[in-house]
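# Coordinates in review
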Amino acid sequence: MVKEPGAGASPLLVLHKVAEILDCFSVDEPEPTLQQIIRKTGLPSSTCQRLVQNMLREGFLDRDGDRYRIGIGLVRWATPGTFGLDVVRLVKPVLQRLRDETGESACLYVRDGAFRTVVAVAETRHVVMRPFMVGMVMPLHAGAPGKIFLAFDPGAWDALDEQALEGFTPDTPVSLQLLNEQAEVARRQGFYAAFGERNQDVGSISAPVFDHTGRLACAVGLGFPTQRIGPADVERLGPVVAQAGREASYALGYQGLGDWEKTPRTAKTNS
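The structure presented is a predicted model; accordingly, all values stated were derived computationally and were not measured. (Residues numbered from 1 in each chain as written. Predicted model: local features only at pLDDT ≥ 70, side-chain atom pairs only at ≥ 80, totals over all residues. Heavy atoms only, no water.)

### Points about the environment of Glu123
- Note that Glu123 resides in the loop between strand S4 (115–122) and strand S5 (137–139).
- The class of Glu123 is partly exposed, set by a relative accessible area of 38%.
- Along the sequence, Glu123 and Gly223 sit 100 residues apart, while their C-alpha atoms lie 9.4 Å from each other. (Helix = DSSP H or I, 4+ residues; strand = E, 2+ residues; numbered from the N terminus. Buried < 20%, exposed > 50% of the residue type's maximum accessible area, 1.4 Å probe, protein only.)

Written out as structure tokens, the structure is:
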């Protein structure tokens with residue numbers, strides 16, 4: 001963290017000053033000079049100059065002659081967040097249609113290591129429901145969305161190797177061999193259904209969403225109470241979820257043959 005010289009300098013105060021400097025950059029004025037930054041922020045010249053130099057070293061800013069611009073490092077850090085917002089914006093209508101067609105909660109998941117996180121929800125209108133909220137984090141090995149990541153994202157296996165497979169219910173898969181078998185089913189079907197793996201009374205059906213490069217971007221799926229949806233409903237709902245995955249993929253620019261279709265993944269086994 002950038003800190004100004006002097007005893008008792010507050011990190012929050014310094015961050016506020018850094019934010020003031022970044023506010024000097026806009027679409028209309030993308031490359032201000034140091035003097036323009038000093039005038040706009042109202043900071044003392046020596047303070048502003050020290051902060052700008054530190055921001056240059058950390059990649060927050062770049063310099064071209066006597067002008068400054070937002071650094072490539074800052075752009076790189078911002079890109080994942082921007083991409084995530086774009087994905088949610090583009091796929092949200094698909095979630096809403098999936099919810100309306102099935103009557104159940106439709107969710108969008110991204111992978112973070114050995115976990116999956118809900119990034120968008122179109123909530124069911126049924127009174128009896130299991131709540132799914134944006135920001136919920138769940139283990140990769142339990143539930144249908146995790147099988148999608150294991151089926152189509154080789155990096156998911158590497159992350160899972162570092163985690164103990166906790167058994168939440170009697171139906172939670174706790175062996176890599178079983179997970180591998182489930183992932184192969186997901187690859188073959190283009191969707192996967194799971195019941196009672198994380199909570200005994202909750203089920204899920206999920207399908208892959210690919211981006212414009214043909215790589216897995218996220219997983220789309222339904223979450224529901226098992227008292228309303230059971231294994232007998234999978235034949236009806238599985239293809240509906242798979243179609244939603246295809247629609248979401250096309251929304252992200254997917255054109256057809258993805259990397260996962262060109263080269264079969266080597267099966268994972270217990271060591």
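### Focus: the sheet that holds S4
- Judged by pairing direction, the sheet is antiparallel, and its six strands sit side by side in the order S5-S4-S3-S8-S7-S6 without closing on themselves. A strand with exactly one partner marks an edge of an open sheet, and here the two such strands are S5 and strand S6 (192–195). Strand-to-strand, the axes of this sheet are offset by a mean angle of 35°, without reference to chain direction.
- Of the strand pairs in this sheet, S6 and strand S7 (residues 202–210) are connected by four bridges, and their pairing is antiparallel. Opposite Ala194, over in S7, you have Ser204 as the bridge partner.
- Against the sheet, helix H5 (residues 144–152) makes contact with strand S3 (105–112), S4, S6, S7 and strand S8 (216–225), and its axis sits at roughly 30° relative to S7, the strand it touches most. (Pairing = 2+ DSSP bridges. Axes fitted to C-alpha atoms, helices over the stretch in contact; angles between N-to-C directions. Contact = heavy atoms within 4.5 Å.)

### A short note on the packing of aromatic side chains
- Under the definition given, this model contains four aromatic pairs.
- Between the aromatic rings of Phe210 and Tyr254, the centroid separation amounts to 5.4 Å while the plane-to-plane angle is 35°, which identifies the pairing as tilted. Of the two residues, Phe210 is situated in strand S7 and Tyr254 in the loop between helix H8 (234–251) and helix H9 (259–262); the sequence distance between them amounts to 44 residues. Like Tyr254, Phe210 is buried. (Phe/Tyr/Trp six-rings, centres within 6.5 Å; stacked < 30°, edge-to-face > 60°.)

### Examining the pattern of salt bridges
- As enumerated under the stated definition, the model contains ten salt bridges in all.
- In this structure, Glu29 and Lys40 form a salt bridge, with 3.1 Å as the shortest nitrogen-oxygen distance. Residue Glu29 is located in the loop between helix H1 (11–22) and helix H2 (34–41), and its partner Lys40 is located in helix H2; the two are separated by eleven residues in the primary sequence.
- Arg99 is the salt-bridge partner of Asp100, the closest N and O atoms lying 2.7 Å from each other.
- Residue class for Asp100 comes out partly exposed when judged on its relative accessible area of 47%.
- Linked by salt bridges that have partners in common, Glu31, Asp64 and Arg69 make up one network. (Salt bridge = Lys/Arg side-chain N within 4 Å of Asp/Glu carboxyl O.)

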